[in-house]
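Secondary and tertiary structure notes
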Amino acid sequence: MDHYLFLAFGSQQNNLYSTDKRNTAYMQKTGVKDSNKSSLENSYLRSYALKLAHQGDYTEAITLLSQLIDSHPQNAVDYNNRGLVYFQSGESQKALRDYNTAMQLNPKLASVYNNRANYYAACGELAAALVDYDQALDLNPRYVRAWINRGITLRDLGQYKDAIDNFEISLLFGQLEGNIWAERGRTYHVWGDWNCAISDYYRALTHLISQDTNEEVSTYRLRLQIENWLDELLFSQKTDWYSNPK
């Protein structure tokens, strides 16, 4: 099964504790109302939970998100986030239940359709996944992660031309180009257009290497995946050359 892109956790988690202390001091000086203070605290608690999930501490992340849900049971985002962490920790049915609850609370939350689609794709229910990706894109046509995931699903269905067209559209938004070139390269690869595949693999690697040296784990994993795909392709070319020398 291919790797799908999930909800972005965002950069606000960086320096969480120091930022929280500064905000606490600011609220004490300016006399921010309790309701606003509570909102800020919930925001940082939410960010910290997702930071823990990034670090692989799923149990603690789920505990924090559950506390938020207990305090704000009508917040669809928290259900969506907890569902994502459940899914990443291997508890797929709990993830699906949270996604469905989030949709009931907020049917216009595009990210939850993307995440539920990833659940369906992981279960092999590709047609159902496409329905949810399409819904996510109807709600947010600039949702690049959903475009990429939709392309991966089309590739898994063997609809290579449609997948390539899908990745072409996703490149128009100027986001996650490394991921897009990698997945378009993989599509060319399995479709048999090896020259285009090699070009996209190298383009993706060059782009990823040029990014911030403090790369995230997901970026490092993507680079390894591209290198493995590239090695696989070059080995196949070499084997074909030895089998059919000119």
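Provided above is the structure to which this section pertains.
Residues numbered from 1 in each chain as written. Predicted model: local features only at pLDDT ≥ 70, side-chain atom pairs only at ≥ 80, totals over all residues. Heavy atoms only, no water.

**Overview of the overall build of the protein**
Short version of the rule: Every helix listed is a DSSP run of H or I at least four residues long, and every strand listed is a run of E at least two residues long, numbered separately from the N terminus. To sort residues, take the accessible area from a 1.4 Å probe on protein chains only and compare it with the maximum for the residue type: under 20% means buried, over 50% means exposed, and anything in between is partly exposed. Whether two residues touch is decided by their heavy atoms; if any such pair falls within 4.5 Å, the residues are in contact. Using a 1.4 Å probe, accessible areas were evaluated by the Shrake-Rupley method; residue-level cover was limited to the displayed protein chains.
Looking only at helices and strands, one finds twelve helices and zero strands in the protein. Along the protein, from the amino end to the carboxyl end, the secondary structure elements read α-α-α-α-α-α-α-α-α-α-α-α. Taking all 246 residues of the protein together, 43% fall into the buried category. Long-range contacts, defined here as pairs at least 24 residues apart, represent 55% of the contacts in the protein between residues at least 6 apart. When the accessible area of the protein is evaluated, it comes to approximately 13400 Å², of which 49% is carbon and sulfur surface.

**Remarks on unusual backbone geometry**
Of note in this structure, leucine 176 is not a glycine but carries a positive phi near 55°. Looking at where leucine 176 falls in the secondary structure, it is placed in the loop between helix H9 (160–171) and helix H10 (177–191). Judged by its relative accessible area of 27%, leucine 176 falls in the partly exposed class.

**Quick word on the environment of leucine 137**
With respect to the element layout, leucine 137 can be found in helix H7 (residues 126–139). A residue is classified by how much of its surface remains accessible, and leucine 137, at 8% relative accessible area, is buried. Distance from leucine 137 to tryptophan 147, taken between C-alpha atoms, is 7.4 Å for residues ten residues apart in sequence. When sequence neighbours within four positions are dropped, the list of residues in contact with leucine 137 reads Tyr143, Ala146, Trp147 and Arg150.

**Observations regarding the packing of aromatic side chains**
Geometrically, a pair of aromatic rings is defined through the distance of the ring centres and the angle of the planes. Heads up, the rule is: Pairs were defined over the aromatic rings of Phe, Tyr and Trp, the Trp ring being its six-membered one, requiring ring centres within 6.5 Å. Orientation was assigned from the angle between planes: stacked under 30 degrees, edge-to-face over 60, tilted for the rest.
This model, assessed by the stated rule, comprises four aromatic pairs. Ring centres of tyrosine 160 and tryptophan 191 lie 6.0 Å apart, and the angle between their planes is 35°; on these two criteria the pair is classed as tilted. Taken as a pair, tyrosine 160 in helix H9 and tryptophan 191 in helix H10 lie far apart in primary sequence, 31 residues in all. Classification of tyrosine 160 by relative accessible area gives partly exposed; the value is 22%. An aromatic cluster is present here, built from Phe87, Tyr119 and Tyr120 joined pairwise through their rings.

**Examining H10**
Using the following cut-off: Multiplying 1.5 Å by the residue count of a helix minus one yields the expected span of that helix.
The end-to-end C-alpha separation of H10 is 21 Å, in line with the 21 Å expected for 15 residues at 1.5 Å each. Of all 15 residues making up H10, 13 are buried, and the element is well covered by its neighbours. Glycine 192 sits one or two positions beyond H10 and adopts a positive phi of about 100°.

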